[in-house]
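Take a look at the letters that make up each chain.
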Amino acid sequence: MKRNYGANDQIRIAIIGCGGIGRHHYRQFARLSGQCQIVAACDVYQKHLDEFRRLTGRPDIEPYTDYRRILERTDIDAVVVATPDHWHAKMTIDACEAGKHVLCEKPAMHNIAEGLAMVHAAREHKRVVAIGLQQRSGEHFKEAVDIVRSGRLGKITTVHCWNVGNETPNGIGNPPDGDPPPGLDWDFWLGPAPKRPYNPNRCIYNFRWFWDYAGGKVADWGVHLIDIALWAMGEHNPTEVCAYGGKFALNDNRETPDTVDCIWKFKDWTLLYTHRAGSDYPLYGRGYGTMFFGTNGSLYVSREGLEVHPDKERIPAYKRGGSAQSEPHAENFLAAIREGVPLAVDVLTGVRSTIVPLLGNIAYRVGRSIRWDAQRAQILGDREASALLSRNWRAPWGIPKRYIKPIG
Ligand SMILES: NC(=O)c1ccc[n+]([C@@H]2O[C@H](COP(=O)([O-])OP(=O)(O)OC[C@H]3O[C@@H](n4cnc5c(N)ncnc54)[C@H](O)[C@@H]3O)[C@@H](O)[C@H]2O)c1
């Protein structure tokens, strides 16, 4: 399956999952058409597959409803996994075993065991596996990280990430279970998750708010913000985590909290994440972002730009706007395949950044502080919390147990 790419060779890509972000990926790779070609697309929802081909104006893209048929094709080099979180690991591992390179969306996995397996599958099969934490490809995020690391802000004592907004009173609403829409293969959509009746909120987009498929706001948005915090601080293994909150604000059928605060303990700093869906009042004047608090000043960074705010005039104030993230992230993936350049977010980095919010969710779900041994990939002394490190995959969608081992 090894292939050497010439300067004029196009990397042939298939997109698996043709919803919101799958379409976004199409647009990024289409701009890089000299370097790659989208040749196939897969979805278990016929409507999304049809829309994808219509919106892209590319009826020649071959449609699939079973991703395994794509993996069998020997003329496809890489796949983009743009399905809900509960499919990420299975598809990534299957793709590695089939000799494909992978760009897998964030959060890298649904549960921590799956993340460990993704890292070992990529290593064993020597595949380029990138995670869609595209903020790391933005120039202004790189500059923010450089500023934090330069020491200019002084000693960083705490980093706060947050998403706040007001979705009251009804959030995503409370629709009854019912029949899936025509053309949706609900059983295939569920895949490794438990079999259950269709509910519209559990499916397109809103799957994010159900534990069977995803990890709520902490995993969905928190992972982007936390990833930047970990990158800048150069650490990724917290030793203790606590998280409290609940469904305090919204009358809807979501399972994940609409109000939650998580704290991760590192040796000499703390990481915080706040989510509120019941109040619009911004934190530090902003609806979302990552804020580094240093003894000389603070740094705010989001997709829109970065700002340095001095403490006691110890450093100059500084401000700049945002920079492109998705297109350079796609380009980096292609360069990694073609020329072996380092990935902006390789699978190890993406999995480590996803473990942190997933630990926050575990602490929230058991309702107490947990201790994490990253070297052994174990939660210490808490059987109930440890059970949430993995899942029972519904047959036939299990992943080989031999890949599930610590990553350090
Ligand atoms: N990097 C980012 O900024 C970013 C932004 C949005 C979404 N995401 C991530 O992308 C993923 C998808 O999110 P979305 O908002 O596009 O969701 P979505 O519901 O709009 O799209 C997901 C698509 O996957 C399809 N799908 C489900 N199971 C499938 C299967 N077995 N085979 C093929 N297709 C299948 C669904 O039918 C749907 O069309 C999530 O993990 C999300 O966190 C990342």
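Residues numbered from 1 in each chain as written. Predicted model: local features only at pLDDT ≥ 70, side-chain atom pairs only at ≥ 80, totals over all residues. Heavy atoms only, no water.

Draft legend 1. Region of the structure containing the sheet that holds strand β4 (residues 78-81). In space, the six strands of this open sheet follow the order β3-β2-β1-β4-β5-β6, with parallel pairing throughout. If you trace the sheet from one side to the other, it starts and ends with β3 (62-64) and β6 (129-131), each paired once. Averaged over all neighbouring strand pairs, the angle between strand axes comes to 25°, with direction disregarded. Of the pairings in the sheet, the one linking strand β1 (residues 11-16) to strand β2 (residues 36-42) comprises six bridges and is parallel in character. Among the inter-strand pairings, I11 is bridged to a residue of β2, identified as C36. (Pairing = 2+ DSSP bridges. Helix = DSSP H or I, 4+ residues; strand = E, 2+ residues; numbered from the N terminus. Axes fitted to C-alpha atoms, helices over the stretch in contact; angles between N-to-C directions.)

Draft legend 2. Broad picture of the pattern of salt bridges. Counted according to the given criterion, the structure contains 31 salt bridges. Its salt-bridge partner being R23, residue E51 comes within 2.8 Å of it at the nearest N-O pair. You can see E51 sitting in helix α2 (residues 46-56) and its partner R23 sitting in helix α1 (residues 20-31), a full 28 residues away along the chain. Just as E51 is buried, R23 falls in that class too. A single network of salt bridges, built from pairs that share partners, joins R12, E62, R73 and D75. (Salt bridge = Lys/Arg side-chain N within 4 Å of Asp/Glu carboxyl O. Buried < 20%, exposed > 50% of the residue type's maximum accessible area, 1.4 Å probe, protein only.)

Draft legend 3. Molecular detail of α2. Those residues of α2 that sit buried are H48, L49, E51, F52 and T56. Relative to the axis of α2, the buried residues are bounded by an arc of 165° and lie together on one face. Buried positions along α2 lie against β1, α1, β2 and β3. Looking at the residues trailing α2, positive phi occurs at G57, about 65°. (Arc of directions from axis to C-beta. Contact = heavy atoms within 4.5 Å.)

Draft legend 4. Highlighting the site of the ligand. Around the ligand sit 30 residues in total, of which I21, D43, H48, D85 and Q134 are the nearest. The contact in question runs from an oxygen atom of the ligand to an N or O atom on the backbone of I21, over 2.8 Å. At 2.6 Å from an oxygen atom of the ligand is found a side-chain nitrogen or oxygen belonging to H48. Starting from 850 Å² of accessible surface for the ligand in isolation, the protein chains cover 94%. Given that more than half its atoms are within 2 Å of the pocket grid, the ligand belongs to the largest pocket. If you list the elements that add at least two residues to the shell around the ligand, you get α1, α4 (85-97) and α7 (186-190). With four residues, the single largest contributor to the shell around the ligand is α4. Tallied by class, the residues present in the shell around the ligand amount to 14 nonpolar, nine polar and seven charged. (Near = heavy atom within 4 Å. Polar contact = N/O pair within 3.5 Å; in protein donor to acceptor, adjacent residues only side chain to side chain. Areas by Shrake-Rupley, 256 points an atom, 1.4 Å probe, with all protein chains shown as cover. 1 Å grid on protein atoms, 1.4 Å probe; cavity = no way out; pocket = protein on both sides within 12 Å on 5 of 7 lines; lining within 4 Å. Sits in = over half its atoms within 2 Å of the grid points. Nonpolar A, V, L, I, M, F, W, Y, C, P; charged D, E, K, R; others polar.)

Draft legend 5. Seen up close, the layout of surface pockets. The calculated volume of the largest pocket comes to roughly 710 Å³. What lines the largest pocket is a set of 37 residues, among which G20, I21, A82, F207 and R208 lie closest to the centre. Going through the elements one at a time, α1, α4, α7 and α8 (216-220) are the ones with two or more residues in the lining of the largest pocket. The element best represented in the lining of the largest pocket is α4, accounting for four residues. In the lining of the largest pocket, the residues fall into 19 nonpolar, ten polar and eight charged. (Points joined across faces, edges and corners; volume = space filled by probe spheres on them.)

Draft legend 6. A look at the domain arrangement of the protein. Here the domain parsing of the protein yields domain 1 (11-136 + 327-346) and domain 2 (139-324 + 357-387). Distance between the C-alpha centres of domain 1 and domain 2: 24 Å. In this complex, domain 1 contributes 25 residues to the contact, which on the side of domain 2 involves 36 residues. Summing both sides of the interface, domain 1 and domain 2 together bury roughly 2600 Å²; the carbon and sulfur share of this comes to 66%. The three residues of domain 1 that bury the most area against domain 2 are V44, Q135 and R136, which together make up 31% of that side's buried surface. The tally of links from domain 1 across to domain 2 stands at two salt bridges. The salt bridge involving R136 is made with D227; its shortest N-O contact spans 2.7 Å. One can count 13 residue pairs in polar contact (both at pLDDT 80 or more) joining domain 1 with domain 2. Only α2, α3 (67-72), α4 and α5 (112-124) provide two or more residues apiece to the side of domain 1 that touches domain 2. (Domains from an automatic or database assignment. Buried area = accessible area lost by both parts, 1.4 Å probe.)

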